[in-house]
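# Observations on the three-dimensional arrangement
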Amino acid sequence: RVARFERRPAFLGAGIDTLAYVEPYDFDPRAVRPTAADLAALEAWVRAGGRLLYVGRDDVAAKNGLLHLPFSTRETGRAHAPFIAAQIARDDVRRVRAETHLRWKPSKRRFDVLVDDGRGPLAVTYAFGRGRVTALIDEALLRNDGIGTPDRARLGYALAAPGRANGTVAFDETPHGYIVEAQWWQVVPRAFAFAIGLAFAAIVIALAGAAVRFGPPIVPIERRERSSADFVDALSSLLERGNAVRKASLDAAASTTRAIARALGASDRATPDDIVNLLDGASRADYRAMLAVTSNGYPNDANLVRGIALAQRLRKDYAAHGRHGT
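Residues numbered from 1 in each chain as written. Predicted model: local features only at pLDDT ≥ 70, side-chain atom pairs only at ≥ 80, totals over all residues. Heavy atoms only, no water.

## A look at the packing of helix 8 (residues 245-263) against helix 11 (residues 301-318)
Taken N-terminus to C-terminus, the directions of helix 8 and helix 11 make an angle of 15°; their axes are 9 Å apart at the nearest point. Overall, the two elements helix 8 and helix 11 adopt an arrangement that is roughly parallel. Every pair of crossing elements has a handedness; the one defined by helix 8 and helix 11 is left-handed. Along its contact with helix 8, which presents Val245, Ala248, Ser249, Ala252, Ser255, Thr256, Ala259, Ile260 and Ala263, the element helix 11 presents Asp301, Leu304, Ile308, Ala311, Leu314, Arg315 and Tyr318. Among the residues making up the contact of helix 8 with helix 11, the classes are represented as 11 nonpolar, 3 polar and 2 charged. (Axes fitted to C-alpha atoms, helices over the stretch in contact; angles between N-to-C directions. Helix = DSSP H or I, 4+ residues; strand = E, 2+ residues; numbered from the N terminus. Parallel < 35°, antiparallel > 145°, perpendicular 65-115°, else oblique. Left-handed = near helix turned anticlockwise from the far one by under 90°. Contact = heavy atoms within 4.5 Å. Nonpolar A, V, L, I, M, F, W, Y, C, P; charged D, E, K, R; others polar.)

## Things to note about a nonpolar patch on the surface
On the surface, Phe231, Val232, Leu235, Leu238 and Leu239 cluster together to form a nonpolar patch covering roughly 480 Å² of accessible area. On the secondary structure map, Val232 appears in helix 7 (residues 228-241). (Patch = residues over 30% accessible without salt bridge, like charges linked within 9 Å, V, L, I, M, F, W, Y side chains within 5 Å. Areas by Shrake-Rupley, 256 points an atom, 1.4 Å probe, with all protein chains shown as cover. Salt bridge = Lys/Arg side-chain N within 4 Å of Asp/Glu carboxyl O.)

## Some points on the pattern of salt bridges
Where side chains of opposite charge bring their charged atoms close, a pairing between them can arise. Counting across every chain of the model gives 16 salt bridges. For Asp92, the salt bridge goes to Arg94, with nearest N and O atoms at 3.4 Å. The partner of Arg152 in a salt bridge is Glu99, and the shortest N-O contact between them spans 3.0 Å. Residue Arg152 is located in helix 4 (residues 152-160), and its partner Glu99 is located in the loop between helix 3 (86-89) and strand 6 (102-104); the two are separated by 53 residues in the primary sequence. Judged by its relative accessible area of 8%, Arg152 falls in the buried class. Three or more residues are tied together by salt bridges with common partners; here these are Glu99, Arg143, Asp145 and Arg152. (Buried < 20%, exposed > 50% of the residue type's maximum accessible area, 1.4 Å probe, protein only.)

Here is the structure:
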């Protein structure tokens, strides 16, 4: 499987087995220079198990320690026996003729030589984290105009062959300007983008809650000592909400009837008719008016006040400590 990779390295995933990166020509106007974030994403992908085929050289990147790339050096005048590693030779690569005078410089970091034409290493490989980097210093070996030279196509196949069955080999198009632009919300992890969305929604809700009142304002509780008048007011409000006007009127009439009966020496079981027969004058008229208002009148606030006033007047006249007839 061969594909073109036209996105930033942040989109590299496990679906790509080998990524081929070919250094662009100097001053190529189409080239897209990688950012620090791109290089960090590429290193992270290789460390996680990716395989990178690097074609070309970049001594500045090697000096900065990027991917532990080796330094380049010029070939020596002394020739030695050519060498082709077994993993390359099994793809029928027998000889490689380089077109460059540059070779990979030996390094303290251990790398395995894959191809040496007798004047220095042309292709090397080394582990990088759980992944691997393969570096070919001569881009001309894979150029289109020379790919028909014996063993060059086989060499390219052997270097880029995926490490696992059905693995995808992708060619990075970033150095050559063929790249799909991506916005930051497409690059960041999905969980991070979802968290940003939730935070934005929470801010909007908070601003809406601060600007629009959804209920009455909170009134602080007044801390003070309650008097008996407060208790009476609270009880009357409770009774008023419970529509207890009729009951209060009937209770006032019953208690007034008992008080008058005791004052006149009658039985506590005396009926209102008995009390009417015992009273005379203005007291009888007031008692009848009280009965009419409390027992037969419409239970409203006006009749309640009138009935209580009549009951209070009669109780005052006939209470045990009162003076009848004054």
